[in-house]
Amino acid sequence: MRDTTPDFSRPQTADEFQTDPYEPEVGSLPEQSGRDDEKVNKTGTTTIGITTSEGVVIATDMRASLGGRFVSNKNVQKVEQIHPTAALTLVGSVGGAQSFIRSLRAEVNLYEARRGEEMSMQALSTLAGNFARGGPFFAINPILGGVDEKGHHVYSIDPAGGVMKDDYTVTGSGLTVAYGTLEDRYEDDMSNEEAREVAAASIKAAAERDTGSGNGIFLAEVTSDGVDIQGYDFDELL
């Protein structure tokens, strides 16, 4: 029988330290096969964030799908409160997005417990970008909307960790259709009520053409008083 016990009495050569450059690194995940990917619940989705004179309005559709072809759930809440005056949308794989939200909530709570004050939106958006870039959250592209003492803020966070602030933004598979409706109807300093109607019309337009979007709308209204999230049929808002 061959002796496979390493000989520590001699120095190891460079070849013995070499590893396969294509193997997953520490902190990374192995590549997923296409077959596995088809079994992952995804939100597909259209999500919208709009700053208003009163705060922020965030809107999402309600559909989740398997592999983008089969509707697996018709009542998914794709926007969650993560801060006393901020909410985040779910875009991408459902598991990855849910894990992302749980991680952010935990950090926000720790920050408040340690410092005795609420995290600013700039700090929260930076934290979200760092998590998106460094964490195993798969492909996510959420919208963060919040209110703090410096004003009303909407950010889009890309899968590579990029954070971009704007007066309004759209992410998800239905963004090209939704943007057309949103930009046609958007006005500066809209009220929350006006922004709700614009966001609902934009989500509905996307749902007409995008197979990953549909089945109703969730609306989050963010003000200095907190976050209110409600689900609606399109007919209730338009």
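Conventions we followed
Residues numbered from 1 in each chain as written. Predicted model: local features only at pLDDT ≥ 70, side-chain atom pairs only at ≥ 80, totals over all residues. Heavy atoms only, no water. Salt bridge = Lys/Arg side-chain N within 4 Å of Asp/Glu carboxyl O. Helix = DSSP H or I, 4+ residues; strand = E, 2+ residues; numbered from the N terminus. Buried < 20%, exposed > 50% of the residue type's maximum accessible area, 1.4 Å probe, protein only. Contact = heavy atoms within 4.5 Å. UniProt positions renumbered as here; feature names shortened; annotations may be inferred. Polar contact = N/O pair within 3.5 Å; in protein donor to acceptor, adjacent residues only side chain to side chain. Patch = residues over 30% accessible without salt bridge, like charges linked within 9 Å, V, L, I, M, F, W, Y side chains within 5 Å. Areas by Shrake-Rupley, 256 points an atom, 1.4 Å probe, with all protein chains shown as cover. Lys, Arg positive; Asp, Glu negative; His and termini not counted. Charge placed at Lys NZ, Arg CZ, Asp CG, Glu CD. Axes fitted to C-alpha atoms, helices over the stretch in contact; angles between N-to-C directions. Parallel < 35°, antiparallel > 145°, perpendicular 65-115°, else oblique. Left-handed = near helix turned anticlockwise from the far one by under 90°. Pairing = 2+ DSSP bridges.

## What about the pattern of salt bridges?
Between side chains of opposite charge, a pair can form when the charged atoms approach closely. Counted by the stated rule, this structure contains four salt bridges. With its nearest N and O atoms 3.7 Å apart, the salt bridge here joins arginine 196 to glutamate 193. Of this pair, arginine 196 and glutamate 193 both sit in helix α5 (residues 192-209), separated by three residues, roughly a single helical turn. Take arginine 196: its relative accessible area is 11%, and that puts it in the buried class. A relative accessible area of 55% means that glutamate 193 is categorised as exposed. Salt bridges sharing common partners tie together Glu193, Arg196 and Glu221.

## Comments concerning the environment of glutamate 80
Along the chain, glutamate 80 turns up in strand β6 (residues 79-83). A residue is classified by how much of its surface remains accessible, and glutamate 80, at 23% relative accessible area, is partly exposed. Separated by 148 residues in the primary sequence, glutamate 80 and aspartate 228 place their C-alpha atoms 9.8 Å from one another. If we ignore the near neighbours within four places in the chain, the residues touching glutamate 80 are Ala86, Ala87, Leu88, Leu90, Ile101, Arg105 and Ile229.

## Section: the UniProt feature "active site" (unreviewed entry) in the protein chain
The UniProt entry lists Thr45 under the feature "active site" (unreviewed entry), expressed in the numbering used here. Position of threonine 45 among the secondary structure elements: in the loop between β1 (41-42) and β2 (46-51). The exposure class of threonine 45 is buried, given its relative accessible area of 0%. Those residues in contact with threonine 45, other than ones at most four positions away along the chain, are Asp61, Lys78, Leu90, Val91, Thr171, Gly172, Ser173, Gly174, Asp210, Gly212 and Ser213. Polar side-chain contacts of threonine 45 include one of 2.8 Å to the side chain of lysine 78.

## A word on a negative patch on the surface
On the surface, Glu54, Asp166, Asp167, Glu187, Asp188, Asp189, Glu194 and Glu197 cluster together into a negatively charged patch. Counting through the fold element by element, aspartate 189 comes out in the loop between α4 (175-185) and α5.

## A look at the packing of helix α2 (residues 94-115) against helix α3 (residues 121-134)
Each packed pair of helices is defined by two parameters, the angle between the axes and the distance between the axes. Their axes nearest at 11 Å, the elements α2 and α3 cross at an angle of 135°. When the interaxial angle is binned, α2 and α3 end up oblique. Classified by chirality, the crossing of α3 by α2 is right-handed. Where α2 approaches α3, its residues Phe100, Ser103, Leu104, Glu107 and Val108 are matched on the opposing element by Leu124, Leu127, Ala128, Phe131 and Ala132.

## A closer look at the sheet that holds strand β3 (residues 56-61)
Strand order across the open sheet formed by five strands is β11-β2-β3-β12-β13, with antiparallel pairing between neighbours. In this open sheet, the two strands that pair with only one neighbour each are β11 (168-172) and β13 (226-232). Taken pair by pair, the neighbouring strands of this sheet meet at an average axis angle of 15°, ignoring direction. In this sheet, β13 lies alongside strand β12 (residues 217-223) in antiparallel orientation, the contact comprising seven bridges. Each residue of the ladder has a partner; that of valine 222, found in β13, is valine 227. Sheet contacts for α4: β2 and β11; angle to β11, the most-contacted strand, approximately 160°. In the packing of α5 onto the sheet, the strands contacted are β2, β3, β12 and β13, and the crossing angle to β2 comes to about 160°.

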